[in-house]
Amino acid sequence: MTKILIVEDHALVREAMAQSLSRLEPGVECIEADSADAALGIIESDGSLDLAVIDLVLPDMSGFSLLAVLARRFPDVPALVVSAIDDDASVRRAMKAGASGFVSKSSSGEILLQAVREVLAGGMPMPARAGRAAPVLRPGAIGDRFGLTAAQARVLELLAGGKTNREIGEQLGLSEGTVKVHMTAIFRALGVSNRAQALVLLARQGERL
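Counting of residues starts from 1 at the beginning of each chain's written sequence and follows it residue by residue. Per-residue local features are limited, in this predicted model, to residues with pLDDT of at least 70; the limit for side-chain atom pairs, both in listing and counting, is 80 or more; totals at the level of whole chains, interfaces and linings are taken over all residues. For side-chain calculations, the full set of non-hydrogen atoms in the structure is used, while hydrogens and water are omitted.

## Quick word on helix H5 (residues 109–120)
With twelve residues, H5 extends 17 Å between its outermost C-alpha atoms, agreeing within 8% with the 16 Å of an ideal straight helix rising 1.5 Å per residue. Relative accessibility under 20% of the residue-type maximum defines a buried residue, over 50% an exposed one, and the middle range a partly exposed one, all with a 1.4 Å probe and only protein chains included. Strands here are runs of E lasting at least two residues and helices are runs of H or I lasting at least four, both read from the DSSP assignment and numbered beginning at the N terminus. Along H5, the residues that are buried comprise Leu112, Leu113, Ala115, Val116 and Val119. The buried side chains of H5 occupy one side of the element, clustering within an arc of 160 degrees when seen end-on. In this structure, the buried side of H5 is in contact with strand E1 (3–7), helix H1 (11–21), strand E3 (51–54), strand E4 (79–83) and strand E5 (101–104). Gly122, located one to two residues past H5, shows a positive phi value of around 95 degrees. Under the convention used throughout, the expected extent of a helix is 1.5 Å for every residue step, that is, one less than its residue count. Comment: arc refers to directions from the helix axis out to C-beta atoms. Two residues qualify as a contact provided that any one of their heavy atoms is within 4.5 Å of a heavy atom in the partner residue.

## Points about helix H7 (residues 150–160)
When you tally the buried positions in H7, you get nine out of eleven residues, the bulk of the element. Along H7, the positions that sit buried rather than exposed are Ala150, Ala151, Gln152, Ala153, Arg154, Val155, Leu156, Leu158 and Leu159. Just beyond H7, the residue with positive phi is Gly162, at close to 90 degrees.

## Some words on the pattern of salt bridges
Close approach of charged atoms lets side chains of opposite charge pair. In the sections that follow, a salt bridge refers to a side-chain nitrogen of Lys or Arg positioned within 4 Å of a carboxyl oxygen of Asp or Glu. Across all of its chains, the model carries eight salt bridges by this definition. In this structure, the salt-bridge partner of Arg14 is Glu32, at a minimum N-O distance of 3.1 Å. With Arg14 in helix H1 and Glu32 in strand E2 (residues 29–33), this residue pair connects regions lying 18 residues apart in the sequence. Classification of Arg14 by relative accessible area gives buried; the value is 13%. Where Lys105 meets Asp55, a salt bridge forms, and the shortest distance between an N and an O atom there is 3.4 Å. You can see Lys105 sitting in the loop between E5 and H5 and its partner Asp55 sitting in the loop between E3 and helix H3 (63–73), a full 50 residues away along the chain. Judged by its relative accessible area of 32%, Lys105 falls in the partly exposed class.

## Some thoughts on the nonpolar core
In this text, buried Ala, Val, Leu, Ile, Met, Phe, Trp, Tyr and Cys residues form a nonpolar core when linked through side-chain atoms within 4.5 Å. Leu5, Ile54, Leu66, Leu67 and Leu70 are the most contacted members of the largest nonpolar core, which totals 29 residues. Elements with a contribution of two residues or more to this core: E1, E2, helix H2 (36–45), E3, H3, E4 and helix H4 (88–97). In this structure, Leu5 is in contact with Ile31, Glu32, Ala33, Ala39, Ile42, Ile43, Leu49, Leu51, Ala52 and Val53, ignoring residues within four places of it in sequence. If you look at the next biggest cluster of nonpolar residues, it comprises 18 residues, including Ile168, Leu172, Leu201 and Leu202.

## Brief notes about the confidence of the model for the protein chain
What pLDDT expresses is the predictor's confidence in each residue, scored from 0 to 100. The predicted model of the protein chain has a mean per-residue pLDDT of 85, with 89% of residues at 70 or higher. Low pLDDT, under 50, characterises residues 129–139; the stretch is placed with 17 contacts to residues that sit more than four places away or in other chains.

## Thoughts on the packing of H7 against helix H8 (residues 165–172)
Axis definition: a line fitted to C-alpha atoms, limited for helices to the stretch in contact. Angles are taken between N-to-C directions and run from 0 to 180 degrees. Orientation of H7 relative to H8, taken along the N-to-C sense of each, is 130 degrees, at an axis distance of 10 Å. One way to sum up the angle between H7 and H8 is to call them oblique. Here H7 runs over H8; the crossing is right-handed. Across the interface between the two elements, Arg154, Val155, Leu158 and Leu159 of H7 pack against Ile168, Gln171 and Leu172 of H8. Think of it as three bins: nonpolar holds Ala, Val, Leu, Ile, Met, Phe, Trp, Tyr, Cys and Pro, charged holds Asp, Glu, Lys and Arg, and polar takes everything else, Gly as well. Residues that form the contact of H7 with H8 fall into these classes: five nonpolar, one polar and one charged. Angles are sorted into four bins: roughly parallel if under 35 degrees, roughly antiparallel if over 145, roughly perpendicular if 65 to 115, and oblique for all others. The hand of a helix crossing depends on one turn: near helix anticlockwise from the far one by less than a right angle means left-handed, and clockwise means right-handed.

Shown next, in the form of structure tokens:
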């Protein structure tokens, strides 16, 4: 049974999100928290949470700060941000703080469900760019070509940007061990043996992730 923590200070929004998430699968359990402190207390006392859904505007602590605390203290609990503050800078800041994905509050309930499914599967859903119809997940063209998952495509994007495994982990809220697992899968899919060969392949193909 999937157990989801909803961290949102507006009761009506929490209830609407819980109603949408109830369609995820039979028996899904949604636990509600109206503040960061309440959320941390719930996570500390319940070791079986599968996901935290977090707003960026909370009464006692910013969502960015809460994400950082979760990444440090509870790295095994992925966090999906659902916020009305969805400009590119805020999305990047949330991901850097440890979010596993981001959904705009202007999105439909179905998009929220898609994003939750992707996070639970190890993916990283992101909001579509303004003025462009796109799915929640937008892996790079090379990811599609080589059959990479959304998570692997995002790791590859950061690899192409010169990030180390540690930096990739910090930006995506993943452990270095998880990043290494993704790297091994990426190298296998690309038919290369190491990071340098992967970068050469990307340069030759002229891909911009």
